[in-house]
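The chain contents come next:
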Amino acid sequence: MAGQNKRAVTSYDVAKAAGVSQSAVSRAFTEGAKISPATKEKVRKIAAELGYRPSFIAQSLIPRRSTLIGVVVPGLVNPFYAAVLDELSQALNLMGYRVLLFSMYRDDDTTPIMEEILRHRVEALVLVSSSLSSHFAHECQQLGLPVLLLNRKNDSRSVSSVTSDNLAGGAAIADFLLDLGHQQLAFVAGRDTSSTSRDRETGFRQRLEARGARPMLRDSGMWSIEEAMNATRRLMALPTPPDALFCANDMMAIAALNVVVGEMGMKAGEDISIVGFDDIAMASWPLINLTTWVQPLSEMVDTAIAVLKTQLGAAETSAVQHVLQGKLIVRGSTRPRR
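Quantities reported herein were computed from a predicted structural model and do not represent experimental measurements.

A. Just the sheet that holds strand S5 (residues 160-164), in detail. Strand order in the open sheet made by the six strands is S2-S1-S3-S4-S5-S11, with parallel pairing throughout. In this open sheet, the two strands that pair with only one neighbour each are strand S2 (98-103) and strand S11 (321-324). For this sheet, the mean inter-axis angle between neighbouring strands, taken without regard to orientation, is 15 degrees. As judged from the three bridges shared by strand S4 (residues 147-150) and S5, these two strands associate in the parallel manner.

Shown next, in the form of C-alpha cells:
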C-alpha cells in the first residue's frame, strides 16, 4: 500500500482480527511472557499480515522509570482546565515528576490517542474531564499502569476517580432558584457523554420533581460558548421562556448572559436568573458577577495526588472513587434572596 495515506495498524486491530485481547498481543511480542505457542504464532502471523509493528504495549511491560505523568485535558478554552493543570503540575513537580500534556479538541473517549500517549512510557495517566473506554481501562490494569480520572468518572468503578458532588450541586441550585420564586427553570447541558453534565442535570431535575415544580426545560450547549448561546436563544424563543437558567459550567453561563443581557436587553438578577458551575476566575469579575457552584479545586488536586502516590507506590491497588463537597456562591446574576 505504498504511496497511500493509511492509518497505522494498532494492537487493537490485531487483537480484533485474531480474536484475542490486547494483553495477549502484548504477550506475543514480549520474551518470556506467558502465552501458548499456538496463540503466539497466530497473533504474530496476523500482525505480519496487517503490517503491525509492536509499539508501546510490549515495551510498557518492561520495568521503567521515566518520571513522566501523562495528563489529558479536553483543550484549554475553559479556564477551569487551565487552573486544574496549573495546580496539578505544581504538585507533581514537587514529587519529582514532569507533566506530559495531551490536549484533546473534545472531551470524548480518549482511546484513539491512548496508544500515542503510551509510546512515551508514562508512569501514570491523569485524565481531566475525559472518558476512558472499559477495554482500554482493562488494558491499563493489565500493564500495571495507574490511571486516574479527575473531574470525571466512569460508569465502571474499576478506575479511580476524583470529582466534586455534582448531584448535590445540581440539587442545591434547584432549591436556590425555587426559593427565589422562579417558576420555569431550564438547564443548559454539556455533552451527553459527560458524567459531570449528566449528574448535574440529574440532581437538578430530581430536586424539581421532588418539590413539585414544573418540568424543567432543556437544551444542549455542548460545553461550547457558541452552542450555549444558540441554546439560550432557542430557550428564550419558546412560547413560555424560562425565568431562570442553570448552565452546566461557567463558560456556558457567561455565554447565556451575553444573549439575555447583550442581545435581549434583559437585566440579569431582575428579569432572569443565571447560575453556572465551577467558579472560574472571571465569574467574579464585576461585569459578569456570576452566581455559581464552587468546585473545591485545591482539595480535588490534593486528593488526586494522594491517590497517585498510593498507586505509584504499590503494584496492585484497588480503585477508589472520591466525591468532594462544593458550595454555592451567590452574586448578581440571580435575584436577591427573599
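Past the structure itself, the notes keep going.
B. A look at helix H10 (residues 225-236). Taking 1.5 Å per residue, twelve residues should reach 16 Å; H10 reaches 16 Å between its end C-alpha atoms and fits that length. On its buried face, H10 is in contact with strand S6 (185-189), strand S7 (217-220), strand S8 (244-247) and helix H11 (250-263). For H10, the capping residue at the N-terminal end is Ser-224, with a side-chain oxygen 3.3 Å from the backbone nitrogen of Glu-226.

C. Spotlight on the pattern of salt bridges. Scanning all chains against the criterion turns up ten salt bridges. Of the charged contacts, one joins Lys-153 and Asp-199 as a salt bridge, the two residues approaching to 3.0 Å between their closest N and O atoms. Linking Lys-153 in the loop between S4 and S5 with Asp-199 in helix H9 (residues 195-210), this pair joins segments that are 46 residues apart in sequence. Overall, the relative accessible area of 36% leaves Lys-153 in the partly exposed class.

D. Inspection of the pairing of S6 at higher detail. Here S6 lies mainly inside the structure; five of its five residues are buried. Burial of the side chains of S6 extends over both faces: Leu-185, Phe-187 and Ala-189 are buried on one face and Ala-186 and Val-188 on the other. Relative to S7, S6 runs parallel, the two being bridged by four bridges. Within the sheet, the bridge partner assigned to Val-188 lies in S7 and is Asp-219. What joins S6 to S7 is H9, and the crossover it makes is right-handed.

E. Region of interest: H11. Counted at 1.5 Å a residue, the expected span for H11 with its 14 residues is 20 Å, and the 19 Å between its end C-alpha atoms agrees. Judged by how many residues are buried, H11 sits mostly within the fold: ten of 14 residues are covered. Buried residues of H11: Asp-250, Met-251, Met-252, Ala-253, Ile-254, Ala-255, Ala-256, Leu-257, Val-259 and Val-260, and no others. Residues of H11 that are buried sit in contact with helix H5 (79-94), S6, H10, S8, strand S9 (273-278) and strand S10 (291-294). One side-chain oxygen at the N-terminal end of H11 lies 3.4 Å from the backbone nitrogen of Met-251; it belongs to Asn-249. The first or second residue beyond H11 is Gly-265, which carries a positive phi of 75 degrees.

F. Region of interest: the packing of aromatic side chains. All told, the structure shown has seven aromatic pairs when counted by the stated rule. Three or more aromatic residues joined by ring pairs make a cluster, and in this case those are Phe-187, Phe-204, Phe-246, Phe-277 and Trp-293. Across from the ring centre of Phe-277, 3.8 Å away, lies the NZ or CZ of Arg-200, which sits over that ring.

G. Examining the confidence of the model for the protein chain more closely. When pLDDT is averaged across the protein chain, the result is 88; 89% of the residues are at 70 or more. Note on residues 56-63: pLDDT under 50 across the span, and 21 contacts to partners over four residues away in sequence or across chains.

Criteria and thresholds
Residues numbered from 1 in each chain as written. Predicted model: local features only at pLDDT ≥ 70, side-chain atom pairs only at ≥ 80, totals over all residues. Heavy atoms only, no water. Pairing = 2+ DSSP bridges. Helix = DSSP H or I, 4+ residues; strand = E, 2+ residues; numbered from the N terminus. Axes fitted to C-alpha atoms, helices over the stretch in contact; angles between N-to-C directions. Expected span 1.5 Å × (residues − 1). Contact = heavy atoms within 4.5 Å. Polar contact = N/O pair within 3.5 Å; in protein donor to acceptor, adjacent residues only side chain to side chain. Salt bridge = Lys/Arg side-chain N within 4 Å of Asp/Glu carboxyl O. Buried < 20%, exposed > 50% of the residue type's maximum accessible area, 1.4 Å probe, protein only. Right-handed = clockwise from strand over helix to strand, strands pointing away. Phe/Tyr/Trp six-rings, centres within 6.5 Å; stacked < 30°, edge-to-face > 60°. Lys NZ or Arg CZ within 6 Å of the ring centre and 35° of its normal. pLDDT = per-residue confidence, 0-100.

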